[in-house]
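Structural features, examined
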Amino acid sequence: MSTAETITVLQPKTNSPPRVRRSHSFHRPWHLWCVCMLLALSFIAFCAFVALAVALPLTGSRTVGIASLASLALFVGMRLGAFVLAGRLHCGLCHGTIMSEKACRKHVEAVRIKPLSYLATTVLSVLFTFSFRCMYCGTRFRLWK
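Remember, it's a predicted structure, so these values are computed and weren't measured experimentally.

Some points on the packing of aromatic side chains
Under the defined criterion, the tally for this structure stands at four aromatic pairs. With a centroid separation of 6.4 Å and an interplanar angle of 40°, the aromatic rings of phenylalanine 46 and phenylalanine 49 are classed as tilted. Taken together, the positions of phenylalanine 46 and phenylalanine 49, both in helix 2 (residues 29-59) and three residues apart, correspond to about one turn of that helix. Between phenylalanine 46 and phenylalanine 75, the ring centres sit 5.2 Å apart and the planes meet at 45°, which makes this aromatic pair tilted. Residue phenylalanine 46 is found in helix 2, and its partner phenylalanine 75 is found in helix 3 (residues 62-86); the two are separated by 29 residues along the sequence. Given the relative accessible area of 35%, phenylalanine 46 is considered partly exposed. You can call phenylalanine 75 partly exposed: its relative accessible area is 21%. Three or more aromatic residues link up through ring pairs in this structure, and these residues are Phe46, Phe49 and Phe75. A cation sits over an aromatic face here: arginine 112 above tyrosine 118, 5.8 Å from the ring centre.

Calculation criteria
Residues numbered from 1 in each chain as written. Predicted model: local features only at pLDDT ≥ 70, side-chain atom pairs only at ≥ 80, totals over all residues. Heavy atoms only, no water. Phe/Tyr/Trp six-rings, centres within 6.5 Å; stacked < 30°, edge-to-face > 60°. Helix = DSSP H or I, 4+ residues; strand = E, 2+ residues; numbered from the N terminus. Buried < 20%, exposed > 50% of the residue type's maximum accessible area, 1.4 Å probe, protein only. Lys NZ or Arg CZ within 6 Å of the ring centre and 35° of its normal.

Have a look at this one:
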C-alpha cells in the first residue's frame, strides 16, 4: 500500500464545510463599549459645534454662541475621557492598542470602511455589531459570550 492510499484509508473524504473559527471573547467588554460611546458622542458634539458656529454669524443670537461653546467643551471633555480610558485597552493576543492608531502596519484582514479610519471603523463595528477585528493582528473579537 502506498502512502497516498494509506492517508485515504485513514482519513476518508467528506463533503463537510471547512472549519470556521469562532471569535475570541474580549476581556473588558464594558470598558471598550464605554470608550466607543465616548468617541461616537464626541463626534456628534463636534458636528454640533460646527453647525452652531456656522449658524452664529447668521443669527447673531447669544444662546447659539453659548451652545456652540458648550458643544466644543463637551467634545474636548469626551475626547479626553476616551483617551484616558483607551490607554488601558490592548488586544489579548498581539497586545496592540485597540482604540488608538499607531504608525504600525495594519494586518491584511483588518477591516476599514474606505472614507473612515481603522479606529472609526472599529468604533462603528463595536457599537452596531458588538464585535470587532484587531487592526494589528486581524483576530476577530466579540464583546460578550
